[in-house]
Amino acid sequence: QKLGRYRLMVWSVVLMIVGFALSALFLRSSFWLLTVFAIIYEAGMALIYTPIYDLASGSLLVKERGRGIGVAHVMMNTSPAMGIAFYGYLMDRKDLAERAWLGVALEGKKAFLTSNVFWIMCLAAAIALVVVAAMRRPIAKAEARNAQADGSEAPAGVAAADDSSSASDAEAAE
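Along each chain, residue indices are assigned from 1 in the same order as the chain's sequence is written. Whole-chain, interface and lining totals are the exception, using all residues; otherwise, since this is a predicted model, local features are given only for residues with pLDDT of at least 70 and side-chain atom pairs are given and counted only at 80 or more. Excluded from the side-chain calculations are hydrogens and water; all other atoms, namely the structure's heavy atoms, are used.

## A look at the pattern of salt bridges
1) Next: Here, a salt bridge means any side-chain nitrogen of Lys or Arg that lies within 4 Å of a carboxyl oxygen of Asp or Glu. For the structure shown, the criterion picks out one salt bridge.
2) Next: For Arg-93, the salt bridge goes to Asp-95, with nearest N and O atoms at 2.5 Å.
3) Next: Only protein chains enter the accessibility calculation, which uses a 1.4 Å probe; a residue whose area is less than 20% of its type maximum is buried, one above 50% is exposed, and one in between is partly exposed. For Asp-95, a relative accessible area of 45% puts it in the partly exposed group.

## Some remarks on the nonpolar core
1) Next: Membership of the largest hydrophobic core comes to 25 residues, with the highest contact counts inside it found for Phe-20, Leu-90, Leu-96, Val-117 and Cys-122.
2) Next: Residue assignment for this core shows that the elements contributing at least two residues are α1 (5-25), α2 (31-58), α3 (65-91) and α4 (109-134).
3) Next: Strands here mean DSSP runs of E at least two residues long; helices mean DSSP runs of H or I at least four residues long; both are numbered from the N terminus. Ranked by residues supplied to this core, first place goes to α4 with 10 residues.
4) Next: Setting aside its immediate chain neighbours within four residues, Leu-96 contacts Leu-90, Trp-101, Phe-112, Leu-113, Asn-116, Val-117 and Ile-120. Side-chain atoms within 4.5 Å link the members of a nonpolar core, which is a set of buried Ala, Val, Leu, Ile, Met, Phe, Trp, Tyr and Cys residues. We call two residues in contact whenever any of their non-hydrogen atoms come within 4.5 Å of each other.

## Section: the packing of α1 against α4
How two helices pack is summed up by the angle between their axes together with the distance between the axes.
1) Next: Throughout, an axis means a line fitted to C-alpha atoms (over the contacting stretch in the case of helices), and angles, computed between N-to-C directions, take values from 0 to 180 degrees. Packing of α1 against α4 leaves a shortest axis separation of 8 Å and a crossing angle of 165°. Here α1 lies roughly antiparallel to α4, going by the angle between them. For the crossing formed where α1 meets α4, the hand is left-handed. In this structure, α1 uses Tyr-6, Met-9, Val-10, Val-13, Val-14, Met-16, Ile-17, Phe-20, Ala-21, Ser-23, Ala-24 and Leu-25 to contact α4, whose residues at the interface are Ser-115, Phe-118, Trp-119, Met-121, Cys-122, Ala-125, Ala-126, Ala-128, Leu-129, Val-132 and Ala-133.
2) Next: Among the residues making up the contact of α1 with α4, the classes are represented as 21 nonpolar, two polar and no charged. Here the angle decides the label: under 35 degrees means roughly parallel, over 145 means roughly antiparallel, 65 to 115 means roughly perpendicular, and every other value means oblique. Left-handed describes a crossing whose near helix is turned anticlockwise from the far helix through less than a right angle; right-handed describes the clockwise counterpart. Residue polarity follows a fixed list, in which Ala, Val, Leu, Ile, Met, Phe, Trp, Tyr, Cys and Pro are nonpolar, Asp, Glu, Lys and Arg are charged, and the others, Gly among them, are polar.

## A word on the side chain of Ser-12
1) Next: Mapped onto the elements of the fold, Ser-12 is located in helix α1.
2) Next: Looking at Ser-12, its side chain comes within polar contact range of the main-chain oxygen of Met-9, at 2.8 Å. Whenever two N or O atoms come within 3.5 Å, that pair is a polar contact, provided that in protein one can donate a hydrogen and the other can accept it, and provided that, for residues adjacent in sequence, both atoms are side-chain atoms.

## Considering the environment of Ile-40
1) Next: Relative to the assigned elements, Ile-40 resides in helix α2.
2) Next: Judged by relative accessible area, which is 22%, Ile-40 ranks as partly exposed.
3) Next: For the pair Ile-40 and Phe-20, spaced 20 residues apart in the sequence, the C-alpha separation amounts to 8.9 Å.
4) Next: Excluding its chain neighbours within four sequence positions, the residues that come into contact with Ile-40 are Leu-15, Val-18 and Gly-19.

The structure is reproduced here in structure tokens:
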């Protein structure tokens, strides 16, 4: 809880972006270097689970938390399958194998294709980062409101979300 949900989500998505981008840039490097980039990406994936489950339980009323966690669980288990299907679709696209994007010096259509797919996944992770940033204040307000309705204590840094200076402003000042 030292980092907080929001910071942990941001860090996890940034790790995913870094893993994808470095893989795209250094595709023709050594197997071990690509393995390190895959570990960076997977670290981001592993870090995202806890904040998402915390948000599913913390932003809902107590009586609705079971359903919320259930929906989060379904989404967290089906989204990787959807990602793999999308990745497979991209790998079948012949137009992605014509040239490498962003001036990456590669040879061969397979290298072009793989590098371009990494860039597309990097873009998808960047969009996720924008969504996380856009949802920061609404999530903090919902957590504070539901904590009051439940009679429980709001998570640290959330109670100020309804003030003119939000929890995000307080974190930014740190």
